[in-house]
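Descriptive structure summary
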Amino acid sequence: MQSKANNSQDPDKKPSAAQAATLKPVSDEEVKQPSDGAPAAATLGNVLEAVEELWPKTLAEDWDAVGLVTGRSSQQVTKIVMAVDPTSEVIEDAIQRGADLLITHHPLLLRGVTQVAGTSFKGEAIHRLIETGTALLTAHTNADNAIGGVNDALADAFGLKDCVPLVHSKDGLPEEGLGRVGYLDKPMKLEDFAERVYTVLPAVAGGVRVAGERSGIIRKVALCGGAGDSLFDAVRSHEADVYVTADLRHHPASEAREAANGGFPYLIDVSHFASEWVWLSAGARALQNVLNDLGHAVEIEVSQINSDPWDFVLTP
Ligand SMILES: [Zn+2]
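Predicted model, so just to flag it, every value in this text is computed and none were measured.

A tally of helices and strands in the chain yields eleven helices and 15 strands. The proportion of buried residues among the 316 residues of the chain is 44%. Sequence separation of 24 or more characterises 74% of the internal contacts of the chain that already satisfy a separation of 6 or more.

This paragraph deals with the confidence of the model for the chain. Put simply, the chain has an average pLDDT of 91, and 88% of its residues get 70 or more. Between residues 1-29, whose pLDDT stays under 50, and residues either more than four places distant or in other chains, the model counts 48 contacts.

All right, on to unusual backbone geometry then. Along the chain, Phe 264 connects to Pro 265 via a cis peptide bond; the corresponding omega equals -5°. Following the sequence through the fold, Pro 265 ends up in the loop between α10 (250-260) and β14 (266-270). Despite not being glycine, Asp 247 has its phi angle at roughly 60°, a positive value. Residues other than glycine seldom take positive phi values, yet Asn 261 does so here, at roughly 50°. Within the secondary structure, Asn 261 sits in the loop between α10 and β14.

For soluble globular proteins, nonpolar side chains are generally found buried alongside one another. With 88 residues, the main nonpolar core has Leu 101, Val 197, Val 221 and Val 242 as its most contacted residues. Counting residues per element, this core draws most heavily on helix α11 (residues 272-293), which supplies eleven residues. When residues of this core are assigned to domains, at least three fall in each of domain 1 (16-140 + 276-302) and domain 2 (144-274). The contact partners of Val 221, leaving out residues within four places of it in the chain, are Phe 158, Leu 160, Val 181, Gly 182, Leu 184, Ala 240, Asp 241, Val 242 and Val 244.

Secondary-structure assignment places His 272 in helix α11. Taking C-alpha positions, His 272 is 7.1 Å from Gly 225, a pair spaced 47 residues apart along the chain. The residues touching His 272, leaving out its near neighbours within four places in the chain, are Gly 226, Ala 227, Ala 246 and Asp 247.

Between helix α3 (residues 44-54) and α11, the shortest axis-to-axis distance is 9 Å and the interhelical angle comes to 120°. Taken together, α3 and α11 sit at an angle that is classed as oblique. Along this stretch, α3 crosses α11, giving a crossing that reads as right-handed. Contacts between α3 and α11 involve Val 47, Ala 50, Val 51, Glu 53 and Leu 54 on the former and, on the latter, Ala 286, Leu 287, Val 290 and Leu 291. Class assignment for the residues of the contact of α3 with α11 results in eight nonpolar, no polar and one charged.

Our next topic: α3. Listing the buried residues of α3 in full gives Leu 44, Asn 46, Val 47, Ala 50 and Val 51. Buried residues along α3 cover an arc of 155° about the axis, so they all sit on one side.

Pairing between sheet strands relies on hydrogen bonds along the backbone, with the strands arranged either parallel or antiparallel. Read from one edge to the other, the open sheet built from six strands follows the order β7-β10-β12-β13-β14-β11, with strand pairing classed as mixed. Every interior strand has two partners, whereas the edge strands, β7 (161-164) and β11 (209-211), have only one. The sheet shows a mean angle of 25° between the axes of neighbouring strands, direction not considered. Judged from the three bridges that link them, β11 and β14 form a sheet pairing that is antiparallel. Paired with Val 210 across the two strands is Ile 268, which belongs to β14. Most of the contacts of helix α7 (residues 150-158) go to strand β12 (residues 217-227), to which it runs at about 145°, and overall it touches β7, β10 (180-189) and β12.

Right, let's get into the packing of helix α4 (residues 88-96) against helix α5 (residues 121-131). Between α4 and α5, the least distance of the axes is 10 Å, while the angle of their chain directions is 5°. Considering the angle they form, α4 stands roughly parallel to α5. Listed contacts from α5 to Ser 88, Ile 91 and Ile 95 of α4 are Phe 121, Ala 125, Arg 128 and Leu 129.

Our focus in this paragraph is the pairing of β14. Among the five residues in β14, five count as buried, and that is most of the element. Summarising the sheet, strand β13 (residues 242-246) and β14 pair through five bridges and their orientation is parallel. If you follow Tyr 243 over to β14, its bridge partner there is Leu 267. You can see the chain leave β13, run along α10 and come back into β14, and the turn it takes is right-handed.

Parameters at a glance
Residues numbered from 1 in each chain as written. Predicted model: local features only at pLDDT ≥ 70, side-chain atom pairs only at ≥ 80, totals over all residues. Helix = DSSP H or I, 4+ residues; strand = E, 2+ residues; numbered from the N terminus. Buried ≥ 20, exposed ≤ 12 C-beta atoms within 10 Å, placed from the backbone. Contact = placed C-beta atoms within 7 Å. pLDDT = per-residue confidence, 0-100. Core = buried A, V, L, I, M, F, W, Y, C linked by C-beta atoms within 7 Å. Domains from an automatic or database assignment. Axes fitted to C-alpha atoms, helices over the stretch in contact; angles between N-to-C directions. Parallel < 35°, antiparallel > 145°, perpendicular 65-115°, else oblique. Left-handed = near helix turned anticlockwise from the far one by under 90°. Nonpolar A, V, L, I, M, F, W, Y, C, P; charged D, E, K, R; others polar. Arc of directions from axis to C-beta. Pairing = 2+ DSSP bridges. Right-handed = clockwise from strand over helix to strand, strands pointing away.

Structural data, given as C-alpha cells:
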C-alpha cells in the first residue's frame, strides 16, 4: 500500500482518473456490429430508447431525477460522452470533444428550481449546454439498480462471483436492486483485498480507508457504489465479511464497528466518484451494443476528468 501514501500526499498534482484504472479500449469482439445494412445516424430519441432498455426509469429511486435534462429528441447524436458528474470542467470537455450528448451519473438538477439564470454555476451549465446544442441526460439510481449497472460493474472489477442485490428493487427482477453481495474466488486477507480495491479504482487523493483486521480472512463481499451507509442492515443480514462503499460518515461507521465487536463486516471506504467511474466503460459498451443492434452508428467516449472534489490529504 506504499503507492497509496505517495499518491495521497502529493499536493502538487491532482491525480487523473486514468492513472490507476486505465480504460480498456473497446475491442471489436466486445462491440457487436450493426445488425443489418449500413449504420444510420441516431437521433436523441433513438438514444433515449436504448437508454431506457438498459437503465429503465422504473428502476430509479422515488427521490431521484433521471432522464433528459437538456436537448430535443429530434436532434442528431453522433457522439456521446459519459461521465460521473456534470461539473463545468466535464461539460466543457464534452463540448470540446464535439459531443452531442453528455450522459452523467449524477443529476445536475435534483431538487426543484425556479430559474436557471447564468448567475449560478448550474444556470451557467444549462446555458452552455443549450447554446452549444449539447444534450444532457442523467442515468443515476436507475443505472445503480440495473443489471450490468454501477454495482455489477464494481462487483466485476473486484472479481466477485454469484452476486445478488443487497436490497431488491420493488417490482424488479431478482438481479435488480441496490448494492451487491457476492464471493471472491478464494478467501483472501483483508489487506490484500483492500489493495485490489485500490488498484482497480481510479487514483484519487483520498485513497482507500479500511476498518478491520489486516490479516483477517474474507470471502463474502458486500458493496454499494456511491454513498451506501443506509445499507448496513442488509450487509449484516447477508452476513458479508466486508462492506465496500463510499462516503462512510463517522457515526454509522463507528457504530457498525462497535456492533461487529471487531469482527465482520469489515469496512472499506472509497471515493464516491471512483466507485461510480468504474461503471462508465461498461455502460458505454452496453449502450454502444444496443445502438448498434438498433442500426445506429454513434461514437461513445468515457470522460477522463477526475471530478472527485478532494485534491490532497495529510496522513500520519
Ligand atoms: Zn453517486
